[in-house]
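Here are the chains, one letter per residue:
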Amino acid sequence: FDSYVPREGEKVELSVDIPDHVPLSASCVVPRKPVVSNSSFDTMTVGDEYYSYVATFVNVWLHDDPDVDNYYMLEVFLRFYNADSSGYIVSPHWFTIDDMALVDPMDIESAVSGDYSVSCRRFLFDDRNINGKEHLIRVMLDDYWPNGGILKLSALTRDEYLYLRTVESAQNNDDFLSEPV
């Protein structure tokens, strides 16, 4: 079982039957990997007359599968040199995404203000506004990547997506009744 790696589209089932307890089971279909048709990066000076800095922009062209409801997670990791250890470490990094098509349409604050930028370490989104299209995702980092980095775009199952959204709401105190289950 240690070497088992599920394949895309494969249904994975888990059942547990313990004497004197109710049997439990769960299943899911492993989602397809996101299809990225192109990527690039550039730098630009951003800010105003009082404060400006050079930001890195990473551009990823996601080609969404029109036949499936897709759920995604975007994360950024940067490599930093750690003087206390034997070399580089990889660490999650804050980034900003400003994309009306990807920000949750139920985000009333964004809808009212017209500001759809989100700063986060993990960005969850679904394909309801980009279904079946190629969509440019532009991620801004407040600094440059002197030692390299990783932009990780993952496909999620619907249950995984909903669970992580609930965790996010609980952590951000967006909904005091939410509790991850």
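The notes below deal with the structure included here.

What counts as what
Residues numbered from 1 in each chain as written. Predicted model: local features only at pLDDT ≥ 70, side-chain atom pairs only at ≥ 80, totals over all residues. Heavy atoms only, no water. Salt bridge = Lys/Arg side-chain N within 4 Å of Asp/Glu carboxyl O. Helix = DSSP H or I, 4+ residues; strand = E, 2+ residues; numbered from the N terminus. Buried < 20%, exposed > 50% of the residue type's maximum accessible area, 1.4 Å probe, protein only. Pairing = 2+ DSSP bridges. Core = buried A, V, L, I, M, F, W, Y, C linked by side-chain atoms within 4.5 Å. 1 Å grid on protein atoms, 1.4 Å probe; cavity = no way out; pocket = protein on both sides within 12 Å on 5 of 7 lines; lining within 4 Å. Points joined across faces, edges and corners; volume = space filled by probe spheres on them. Nonpolar A, V, L, I, M, F, W, Y, C, P; charged D, E, K, R; others polar. Axes fitted to C-alpha atoms, helices over the stretch in contact; angles between N-to-C directions. Patch = residues over 30% accessible without salt bridge, like charges linked within 9 Å, V, L, I, M, F, W, Y side chains within 5 Å. Areas by Shrake-Rupley, 256 points an atom, 1.4 Å probe, with all protein chains shown as cover. Contact = heavy atoms within 4.5 Å.

Following the criterion strictly, the structure yields 4 salt bridges and no others. Close ionic contact of Asp65 with Arg32 constitutes a salt bridge, the shortest N to O distance being 2.0 Å. Of this pair, Asp65 sits in the loop between strand S4 (52–63) and strand S5 (71–82) while Arg32 sits in the loop between strand S2 (24–29) and strand S3 (35–47); the two residues are 33 residues apart in sequence, bridging distant segments of the chain. Overall, Asp65 belongs to the buried group, its relative accessible area being 17%. Accessibility expressed as a relative area gives 49% for Arg32, which makes it partly exposed. Taking the shortest distance from any N to any O, the salt bridge between Asp126 and Arg128 comes out at 2.6 Å.

On to the pairing of S5, then. With 5 bridges joining them, S5 and strand S9 (residues 122–126) adopt antiparallel strand pairing. If you follow Leu74 over to S9, its bridge partner there is Phe123. In this sheet, strand S11 (residues 149–156) lies alongside S5 in antiparallel orientation, the contact comprising 8 bridges. Of the residues in S11, the one forming a bridge with Tyr71 is Leu156.

In terms of nonpolar packing, the biggest core is built from 19 residues, with Leu74, Phe95, Phe123, Phe125 and Ile137 touching the most fellow members. If you tally residues by element for this core, the top one is S5, at 4 residues. Judged by nonpolar contacts, the second largest core, of 6 residues, contains Tyr71, Met73, Leu156 and Tyr161.

Next up on the list: the layout of surface pockets. By volume, the second largest pocket amounts to about 260 Å³. In terms of lining residues, the second largest pocket is bounded by 16 residues, among which Val29, Val30, Pro31, Arg32 and Val68 are the most central. If you list the elements that add at least two residues to the lining of the second largest pocket, you get S2, S5, S11 and helix H2 (158–171). Split into classes, the residues belonging to the lining of the second largest pocket amount to 9 nonpolar, 3 polar and 4 charged.

What follows deals with the sheet that holds S3. The strand order S3-S4-S10-S7-S8 describes an open sheet built from 5 strands, whose pairing is antiparallel. Every other strand in the sheet has two partners, leaving S3 and strand S8 (117–120) as the edge strands with one partner each. Mean inter-strand twist for the sheet, computed between neighbouring axes without regard to direction, equals 25°.

The next thing to look at is a nonpolar patch on the surface. The grouping of Leu14, Val16, Ile18 and Leu24 at the surface amounts to a nonpolar patch, some 390 Å² of accessible area in total. Within the secondary structure layout, Leu24 lies in strand S2.

Before going further, it helps to spend a moment on unusual backbone geometry. One non-glycine residue, Asp20, lies in positive phi territory at about 70°. Turning to its location among the elements, Asp20 is positioned in the loop between strand S1 (11–16) and S2. By relative accessible area, Asp20 is classed as exposed at 81%.

Turning to the side chain of Thr157, a few remarks are in order. Structurally, Thr157 is set in the loop between S11 and H2. Note on Thr157: relative accessible area 14%, which makes it buried. Setting aside chain neighbours within four positions, we find Thr157 in contact with Cys28, Val29, Pro31 and Tyr71.

That's the geometry; what it means functionally is another story.
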